[in-house]
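Examining the three-dimensional arrangement
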Amino acid sequence: MRGKLWLGFLMVIVLLWVICIYAVLSSMSVREVFVKLGHYVVPSAITMIEMRTELNELREETLAYILRGNVVSEGKTSRERLEELYGELRGFAEEHLEHEIVVGPKARAEAEKLATLSQKIILTSAEITKLKDQGAGVDELLEKMDQDFRPAFVPLRGLVGELIAEHREKLSAAETLVHDKHDTSIRIILIVGILTTLIALVVASFVDRFFVRYITKRKRAEEVLREREARYRTLVENIPQKIFLKDRDSTYISCNENYARDLKIESHEIVGKDDYEFYPKQLAEKYRGDDKRIMESGRTEDLEEQYIQDGEKRWVHTLKTPVKDEDGNITGILGIFRDITERKKAEEEIKQRADEWQRTFHSIADLVFIQDKDLRFIRVNKGATEALKAKPEDLIGKTCYEVLHKRDKPWSNCPMAKAFKDGKTHTEEIDDPNIGIPLLVSASPIFDEKGKIIGGVHVAKDITERKKIEEALKKQTHDLGERVKELHCLYGISELVESKGIFLEEILQGTADLIPPSWEYPEVTCARIILDAQTFKTKNFKETAWKQTSDITVRGKKIGSVEVFYLEEKPNTDEGPFLKDERSLIDDIAQQLGRVIDRRDAERELIIKEEAIASSVNAIALADLEGNLTYVNRSFLDMWGYVNDREVLGKPIAGFWEKREKVLETLKALAREKNWMGELVARRKNGSTFDVQLLANIVENEAGKAICIMASVVDITERKKIEQMKSDFVSLASHELRTPLTSIVGYVDLILDGDTGEINKEQREFLEIISRNTQRFEALINDVLDIEKIESGRIQLKQEKVNLIEIVETSAYTFKIMAETKGLKLEKEIKTPELEILGDPDRLSQVFSNLLSNAIKYTKEGEVKVLAQNKGRFASVIVEDTGLGMTRDELRSVFTRFFRSEDSYVRETTGTGLGLSIAKATIERHNGEIKVESKLGVGSKFEVILPLLEEQKKGG
Ligand code: ADP
């Protein structure tokens, strides 16, 4: 090292010498000399020498030109050569002036002289040339040369000679000067060089000494540094962290073995590589981005990063710090990182567990609280917040007793307080109205590692449902008990009822005795059953204010009551102190009694009916559906002349009549119509016959199924006789009455007409009364005859195709005037042009006339309306009025013979009270029906319904 140092110094010295020499040589004086010498002195001397040479050549050339003419030599004519020489001559003169610096001030005069002489020579040569051109002879030209050219040429050559001498002198003077200067320079160089060398040596030795010391020190420092570096290397290589160093471009400069191992390379191989070579593009970009950011900000960053290596998720913790040089410029980046995957995994696992715990904690449906030693909530689960309708922040930090029990000190039975005391789990059912829900609380202490209690976990279960179920169960059990009691009671009553030969009185008393045990408080219960005037009571019976009763009804009619009394006051429930179920029980008992009584009544009735049938004067018989007798009563046996029913039972009914065929026909009609009424001729045991009226019908059970035939027979032999007599009498009487009546009417009319002479006013009045009454009487007789004929069937109705509309129209037309006279409106509404039926037109006309006449008669004001229409299979004719109307009672009797309303207006109106009876009988004979609706003071509506012809045909 020192050798090198000295070599360095030597070189420095040499350099200094060179500098010295250069400095001296380049000093001003030396340079000047050289310049003058080189640039001015030498050239000016040369110029002058050249000028002399040129002058001589000019003279020679001029002479040659004169003598030889303008010849060509070396590519130029003599003349051209001369002109060239003249030009140069002029140039020398000018050049001399430039050498003023060498020549000094006289150079100007010399230059002018040179120029003048040169000018003269040039002019002379021009003249000579001119003369030559004019053809002058050589002599003349030579003469000219002598005269003009020579006088200029000689002085010029002299001057040039002088100048050459002068220049030579100047040159030698300069050379001397240079020589002198040169010596001085060498001296200076030597002196300066030696001095410099000496100084350099002094400096070198000083430096050497200092350097030796410095080197030693540095060596030591280097050693320390090396040691340190080794140690640092060892440290860097051995620490678990991975270390790398990158330059400003994020290119790796170095890394430790640990890092290299991770990258699966040798540590030295990292130099010059970048992250793209080791990491996926995205990650490499991120790393480089981080580097850039850190280098830009100059701040160390602490990064936790995740990446995927070999398909596995890994975590690294990286500390990246910018590296700076001495000037504080950032030159790269140092990264220290370590794989924290395991730690992260552990953390994640802890987090996951915590999450799981948290989730579990919140998914517990029960109310879970974690409390500290002071019973303050530390944690509450969702179950708790939801059940208490509170937010976690409303609960956390507060004590259970203030939040839940709304107290200022722990609850006396607090299971948590107990758990804190003995370190055990305590369970308690808590039904504090302040909480609002019944809870089953279990409180367990929480211990720290040393076994010290640090808090507790409090799990509360909402047992509202359980409580409800318990309650319901309790209630059900109770209800069941009550039911059993009720059933016992009802069963007891049934048993009583079923007992053979028991009297109703015994049943009622027994029932009263069965009641008390079925009520909720049997010991204070008494009962009473009232039926008509009879009462049946329990022994302890006493009337009190706590009473429950139910009516005994038979077919909707109250016949008695069942009463239950409590002998002392009991808490109120559903119906006073009585339960809902007791209400149904008492109702059930009353109903059952109702049924029992009804059945007993029915039984009694049945016996009576049986008796009545048996003893009926009508012959009554039952037959099965095949027509064989199953029952006959006494009268039947009597009528037919049998002694014992065994003689007739099981025999076909057809055998008991005169005409077998007629009976079979009747049976057919019965099967079709379900009932049949008519007259038949019966045959007695002894073969004699008698007239009977038979009423037969098919008996159906409740489901509507035919079960047997019942026949009731009345012996009408007597009635037939009387009817015949009556009919004969009526015919006779009416005939006998009508004949004199005709003559009375005829003669009265004659007298009234004045055919028998004048009659006075009084006579007229009387006669008119006679006439009116006779007419009424006649009408009455006619009506009586009619009805008699119709009812007895003696009248033969015509069976014609009739259009009912025509009859209605005609009748309406007939009564139009009557209506108008009375100021009534008669309206018709014919809904169909044809209503064809089978019947007697005159009789039907009589019916409608009667209905219309009644409507007009019994209507004071308003209108009468006739409506004819088709109603399915029937023809319907309605006669409606806005007249007097009828009461309900009147309506019931309206079709009864001779019925007339009590109303004075009706009484004032003529009428027999037979019209509607005739109408009804007529319509019924036509297989029709007549209906009436009426309201007193509003009006009446009569409707006639008759089967249409088409229907009759179908029905056969
Ligand atoms: P009469 O000859 O009296 O009209 P009817 O048999 O025709 O006999 O009628 C019997 C009674 O029915 C009448 O007297 C009257 O009281 C009552 N009656 C009949 N038709 C009407 C009617 N359209 N409005 C009110 N009453 C009526």
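Higher on the page you've got the structure.
These notes cover the structure that comes with them.

A closer look at the site of the ligand
Close to the ligand lie 20 residues, the nearest being Asn854, Tyr858, Arg900, Thr912 and Leu916. Ser901 has a polar backbone atom sitting 2.9 Å from an oxygen atom of the ligand. About the coverage of the ligand: the protein hides 98% of its 520 Å² of free accessible area. The pocket occupied by the ligand, as judged from atoms lying within 2 Å of grid points, is the largest pocket. At the level of secondary structure, the elements contributing two or more residues to the shell around the ligand comprise α22 (841–857), α25 (915–925) and β28 (939–947).

Re the pattern of salt bridges
Per the counting criterion, the structure on display carries 60 salt bridges. Between Arg288 and Asp274 there is a salt bridge whose closest N-O contact spans 3.7 Å. Of this pair, Arg288 sits in helix α8 (residues 281–297) while Asp274 sits in the loop between α7 (257–263) and α8, placing them 14 residues apart in sequence. Using a relative accessible area of 23% as the deciding quantity, one classes Arg288 as partly exposed. Two residues, Lys344 and Glu304, come together in a salt bridge whose shortest N-O distance is 3.1 Å. On the criterion of sequence distance, the pair formed by Lys344 in helix α9 (residues 341–363) and Glu304 in strand β5 (residues 301–309) is long-range, its members being 40 residues apart. Judged by relative accessible area, which is 36%, Glu304 ranks as partly exposed.

Topic: the layout of surface pockets
In this structure, the largest pocket encloses a volume near 830 Å³. Residue lining of the largest pocket: 40 residues in total, with Asn850, Asn854, Lys857, Tyr858 and Gly911 positioned closest to the centre. Sorting the residues of the lining of the largest pocket by element identifies α20 (761–792), α21 (804–821), α22, α25 and β28 as the ones contributing at least two each. Here the element with the most residues in the lining of the largest pocket is α22; it accounts for eight residues. Across the lining of the largest pocket, the residue classes break down as 19 nonpolar, 14 polar and seven charged.

Brief notes about a nonpolar patch on the surface
The grouping of Trp6, Ile186, Leu190, Ile194, Leu198 and Leu201 at the surface amounts to a nonpolar patch, some 520 Å² of accessible area in total. The element best represented in the nonpolar patch is helix α6 (residues 138–238), accounting for five residues. On the secondary structure map, Trp6 appears in helix α1 (residues 2–25). In this structure Trp6 comes out as partly exposed when scored by relative accessible area, which is 34%.

Quick look at the sheet that holds strand β3 (residues 242–247)
Sheets are built from strands that pair by backbone hydrogen bonding, the pairs being arranged parallel or antiparallel. An order of β4-β3-β7-β6-β5 is seen for the five strands of this open sheet, with the pairing classed as antiparallel. Two strands bound the open sheet, and with one partner strand each, they are β4 (252–255) and β5. Within the sheet, the average angular offset between the axes of one strand and its neighbour, ignoring direction, is 25°. As paired strands, β3 and strand β7 (residues 330–339) are joined by six bridges and run antiparallel to one another. Within β7, the residue paired with Phe244 across the bridge is Gly335. The strands that α8 touches are β3, β5, β6 (312–324) and β7; relative to β5, the one it contacts most, it runs at about 170°. Along the sheet, α9 makes contact with β5, β6 and β7, crossing β6 at roughly 125°.

Things to note about the pairing of β4
Relative to β4, β3 runs antiparallel, the two being bridged by three bridges. Paired with Phe244 across the two strands is Cys255, which belongs to β4. Counted along the chain from β3 to the antiparallel partner β4, the turn is four residues long, and its residue Ser250 has a positive phi close to 65°.

A few points about the sheet that holds strand β21 (residues 706–715)
Across the sheet, five strands lie side by side as β18-β17-β21-β20-β19; this open sheet has antiparallel pairing. Two strands close off the open sheet at either side, each with one partner strand: β18 (629–632) and β19 (675–683). Ignoring which end each strand starts from, the neighbouring axes of this sheet average 25° apart. Strand contacts of helix α18 (residues 660–673): β19, β20 (689–700) and β21, with the helix running at about 165° to β19, the strand carrying the most contacts.

Remarks on α18
Between its first and last C-alpha, α18 extends 20 Å over 14 residues, near the 20 Å set by a 1.5 Å rise per residue. Taken together, the buried residues of α18 touch β19, β20 and β21. Positive backbone phi, approximately 75°, marks Lys674, located one or two places after α18.

As for the packing of aromatic side chains
Two aromatic rings, taken as a pair, are described by how far apart their centres are and by the angle between their planes. In total, this model carries 19 aromatic pairs according to the counting rule given. For the pair Phe244 and Tyr252, a centre-to-centre distance of 5.5 Å together with 80° between the ring planes defines the contact as edge-to-face. Residue Phe244 shares its accessibility class with Tyr252, and that shared class is buried. The interplanar angle of 70° and the centroid separation of 5.8 Å between the aromatic rings of Tyr252 and Phe278 together place this pair among those described as edge-to-face. On the criterion of sequence distance, the pair formed by Tyr252 in strand β4 and Phe278 in the loop between α7 and α8 is long-range, its members being 26 residues apart. For Tyr252, a relative accessible area of 2% translates into the label buried. Among the aromatic residues, those joined into a cluster by ring pairs are Phe636, Trp640, Tyr642, Phe656, Trp657 and Phe690. Its end group placed over the ring of Trp315, Lys344 keeps NZ or CZ at 4.4 Å from the ring centre.

Criteria and thresholds
- Residues numbered from 1 in each chain as written.
- Predicted model: local features only at pLDDT ≥ 70, side-chain atom pairs only at ≥ 80, totals over all residues.
- Heavy atoms only, no water.
- Near = heavy atom within 4 Å.
- Polar contact = N/O pair within 3.5 Å; in protein donor to acceptor, adjacent residues only side chain to side chain.
- Areas by Shrake-Rupley, 256 points an atom, 1.4 Å probe, with all protein chains shown as cover.
- 1 Å grid on protein atoms, 1.4 Å probe; cavity = no way out; pocket = protein on both sides within 12 Å on 5 of 7 lines; lining within 4 Å.
- Sits in = over half its atoms within 2 Å of the grid points.
- Helix = DSSP H or I, 4+ residues; strand = E, 2+ residues; numbered from the N terminus.
- Salt bridge = Lys/Arg side-chain N within 4 Å of Asp/Glu carboxyl O.
- Buried < 20%, exposed > 50% of the residue type's maximum accessible area, 1.4 Å probe, protein only.
- Points joined across faces, edges and corners; volume = space filled by probe spheres on them.
- Nonpolar A, V, L, I, M, F, W, Y, C, P; charged D, E, K, R; others polar.
- Patch = residues over 30% accessible without salt bridge, like charges linked within 9 Å, V, L, I, M, F, W, Y side chains within 5 Å.
- Pairing = 2+ DSSP bridges.
- Axes fitted to C-alpha atoms, helices over the stretch in contact; angles between N-to-C directions.
- Contact = heavy atoms within 4.5 Å.
- Expected span 1.5 Å × (residues − 1).
- Phe/Tyr/Trp six-rings, centres within 6.5 Å; stacked < 30°, edge-to-face > 60°.
- Lys NZ or Arg CZ within 6 Å of the ring centre and 35° of its normal.

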